[in-house]
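The chain contents come next:
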Amino acid sequence: MKHEIACKQFMEYLQIEKNASPYTVKYYQNDLETFFLFMEQEGLTELAEIDYRVVRLFLTTLYSRKLSRRSVSRNISSLRSFYRFLERENIVTGNPFVQVSLPKAGKSIPGFLYTEELEKLFEVSDLSSSLGQRNQAILEVLYATGMRVSECQNLKLVDIDFAIGTMFVKGKGNKERYIPFGRFAEAALETYIQDGRKQLIEKSGNTTDAVFLNARGNPLTVRGIRLILNKLVEQASLTIHVHPHKLRHTFATHMLNEGADLRTVQELLGHENLSSTQIYTHVTKDRLRTVYMNSHPRAHH
């Protein structure tokens, strides 16, 4: 069977059965194309003739291109899924990518903000201006809920339930979850929605349900939110780099430091696998040690 046809069927399977996002599908496609190019260079024409030896050779070529360990891992796992699909469709009889042992990727520990840095960020917005109110609301929401920027950008007025203090969020792969928020986020949102947002809407004259709007009264883009955060950091004259994800990491770290359990944090972050949430335990281990040393009767020297 021709690679193109097999590849096309696999893409359809990802979209329809796996509900994969266009972004994920594109990644798979790039990885498969890299492999098909390698097959061509090696004079291999059949998907079924790929064996463990060929896979080792493929790995070597990937490493020689100075790819990061993470890229190589992703590439191999894309191909493993592809061959699993081919096996299921009886196009091949075995999966040569199964036994590939990849060098363990060193998981990078996410950066997070210290409470003092956060406080500074929360003090810079001019709350008498519509944009200042909006920026404060974005900051409070990202920190209060740990949601992804794309989720924040997608937030609609109807998604916020002030009566019980929760937000309805559609995450990756259309996974839905409810996230509670506290009184700071509530106050910032109410001020912005009742006042600043109304002023912004008047500018565009359009009726949009998006919570966060730009200066022209249109829904903010993900890039817009990133720029706003960078500006706030500048105003707070902090030398740190705050990408929105850092607020998500901060949310997770602070929750765990204050004693929240992993499962709860997993649920709040909308992580499909607990392993994604476990990255944060590294950050909190230091804190655990300090608490232990200070609290346990037999720990004191």
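Summary of the structure given here. Nothing here was measured: the structure is a model prediction, and the numbers come from that model.

## Examining the packing of aromatic side chains
- Taken as a whole, this structure holds 17 aromatic pairs when the rule is applied.
- Here Phe 38 and Phe 58 contribute two aromatic rings whose centre-to-centre distance is 5.0 Å and whose plane-to-plane angle is 55°, an arrangement assigned as tilted. Taken together, the residues Phe 38 in helix α2 (residues 22-41) and Phe 58 in helix α3 (residues 52-64) connect sequence positions 20 residues apart. Pair check on accessibility: Phe 38 and Phe 58 agree, each one buried.
- One aromatic cluster in this structure is built from Phe 10, Tyr 13, Tyr 28, Phe 35, Phe 36, Phe 38, Phe 58, Phe 82, Tyr 83, Phe 85 and Phe 97.

## Some points on the layout of surface pockets
- Size it by volume and the second largest pocket reaches roughly 370 Å³.
- The greatest single-element share of the lining of the second largest pocket, amounting to 4 residues, is contributed by helix α5 (residues 115-122).
- Residues belonging to the lining of the second largest pocket are distributed by class as follows: 8 nonpolar, 3 polar and 4 charged.

## Here we look at the sheet that holds strand β3 (residues 176-180)
- Taken together, the 3 strands give an open sheet; going across it, the order is β1-β2-β3, and neighbouring strands pair in antiparallel fashion. The outermost strands of the open sheet, each flanked by one partner alone, are β1 (160-161) and β3.
- Pairing analysis gives 5 bridges linking strand β2 (residues 166-170) to β3, with the strands arranged antiparallel. Bridge pairing in β3 links Thr 166 to Pro 180.

Cut-off values and rules
Residues numbered from 1 in each chain as written. Predicted model: local features only at pLDDT ≥ 70, side-chain atom pairs only at ≥ 80, totals over all residues. Heavy atoms only, no water. Phe/Tyr/Trp six-rings, centres within 6.5 Å; stacked < 30°, edge-to-face > 60°. Helix = DSSP H or I, 4+ residues; strand = E, 2+ residues; numbered from the N terminus. Buried < 20%, exposed > 50% of the residue type's maximum accessible area, 1.4 Å probe, protein only. 1 Å grid on protein atoms, 1.4 Å probe; cavity = no way out; pocket = protein on both sides within 12 Å on 5 of 7 lines; lining within 4 Å. Points joined across faces, edges and corners; volume = space filled by probe spheres on them. Nonpolar A, V, L, I, M, F, W, Y, C, P; charged D, E, K, R; others polar. Pairing = 2+ DSSP bridges.

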